Amino acid sequence: MTLTIDGVFKQFGRFPALTSVSLEVRDGEFLCLLGPSGSGKTTLLRVLAGLDKPDHGCVFLDGVDFLALSARERRIGLVFQQYALFRHMTAASNIAFGLQVRPRASRPPRTAISARVGELLALTQIEGLGGRYPAQLSGGQRQRVALARALAVEPRLLLLDEPFGALDAKVRKELRDELRRIHDATGVTTILVTHDQEEAMALADRVVLMNHGRIEQIGSPAELDDAPASPFVFTFLGETNRLPCEVVGGVARFEGFAAPVVCPIEPVQGRGVALFRPEDTRLDSGAHAEGLPIRVTAIAGRGSVRRIECQALGGQRLTAEIAEPFAASYQPGQRLRLTARRVVLDGDGRQRRGASPEFGRADERLTS
């Protein structure tokens, strides 16, 4: 089953929610629509669910016009953030509902429905809770019921709109892992809408990163991380440091070190502002080490990684993430040298207003 979205456009008033969106969803794929609020990801999901109709464009499922089908004919499983369970029904009755309301000709026998409910209670690991009402369940258990209900009708496409947004961090991570396990067990093509970068990168086979109604990049989590298509992709997928630089031949030069520029929008020469991630930095305390002179201002974090807060180049604040046991040797106030593995140029690579790259004796500009 291949889902093809071709040139979908949707506008609300003067606001273009989707602008010529095109992509192909593979059979059995787990696809994440990722982006900030207003990027169009939920609108695209609603178009697929039959809740919104696009102004222009086509959607085909194995060559069949998907938009011409009613919501029922599309055989969609839907899971929302707010569960949408029937409060007067038990968990088992909620799961069975989609099967029980089918036309008589296609409705399974009661024994088959009961068996299917039992399978899904086991699959979502809520066996023994089928007789409880939603008010008697935790938020995570209710979301498992909602997921089981969506799967009960054996959907061709499972659509999830921020399903874990109302849950606390611990439960959200548990359900995230469960969702991937359930997907692998069922093989149903799944599209998840989320604004949580960690969630998308952990769950998806491919990520569709959207911004202002357009697709910025499509690829596996590793592809988006290793080869971002734009500065927006790079900055949205993780924390970044900002540092003035001089760009020469695709290389950003700083005081004491240089780093390759990835995803250049256009050939850029001259002054610019570089972005790089804390995890792409390296600190060195050697007397003859190369790198930008910095001073450690704070050390935070626990576990295998420490966040080293630094100050450099006339006051710029930078952050490095250093694995233990290397970070154990650093102390606040210590003078070190910093280098970056790779950088991305901010915007089109030209210096932002207000930034003032300075090159020279950085050691003398560190504040005490």
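What counts, and where the lines are drawn
Residues numbered from 1 in each chain as written. Predicted model: local features only at pLDDT ≥ 70, side-chain atom pairs only at ≥ 80, totals over all residues. Heavy atoms only, no water. Salt bridge = Lys/Arg side-chain N within 4 Å of Asp/Glu carboxyl O. Helix = DSSP H or I, 4+ residues; strand = E, 2+ residues; numbered from the N terminus. Buried < 20%, exposed > 50% of the residue type's maximum accessible area, 1.4 Å probe, protein only. Pairing = 2+ DSSP bridges. Core = buried A, V, L, I, M, F, W, Y, C linked by side-chain atoms within 4.5 Å. Contact = heavy atoms within 4.5 Å.

1. Section: the pattern of salt bridges
What the rule picks out here adds up to 19 salt bridges. Where R180 meets D184, a salt bridge forms, and the shortest distance between an N and an O atom there is 3.0 Å. With R180 and D184 both in helix 5 (residues 169-186) and 4 residues apart, the pair spans about one turn of that helix. For D225, the salt bridge is made with R277, and the minimal N-O distance between the two is 2.8 Å. Highlighted residues: D225 in helix 7 (residues 221-226) and R277 in the loop between strand 14 (270-276) and strand 15 (281-284), separated in sequence by 52 residues. Relative accessible area serves as the criterion here: at 28%, D225 is assigned to the partly exposed category. Through salt bridges that share partners, D225, R277, D280, R341 and R342 make up one connected network.

2. Section: the sheet that holds strand 4 (residues 56-61)
Strand order across the open sheet formed by 4 strands is 2-1-4-5, with antiparallel pairing between neighbours. The open sheet terminates on both sides in strands that have one partner only, identified here as strand 2 (15-25) and strand 5 (64-65). Relative to strand 5, strand 4 runs antiparallel, the two sharing 2 bridges. Residue F60 lies in a different strand from strand 5, and its bridge partner there is D65.

3. Digging into the nonpolar core
In summary, soluble globular proteins display a tendency toward joint burial of nonpolar side chains. The biggest cluster of nonpolar side chains holds 44 residues, and the ones touching the most others in it are I95, L147, L151 and L158. The biggest single contributor to this core is helix 4 (residues 139-152), with 7 residues. Residues in contact with L151, not counting those within four places in the same chain, are R116, L120, L123, L158, I182 and V188. Within the second largest apolar cluster, 27 residues are counted, among which are V261, F276, L283 and L338.

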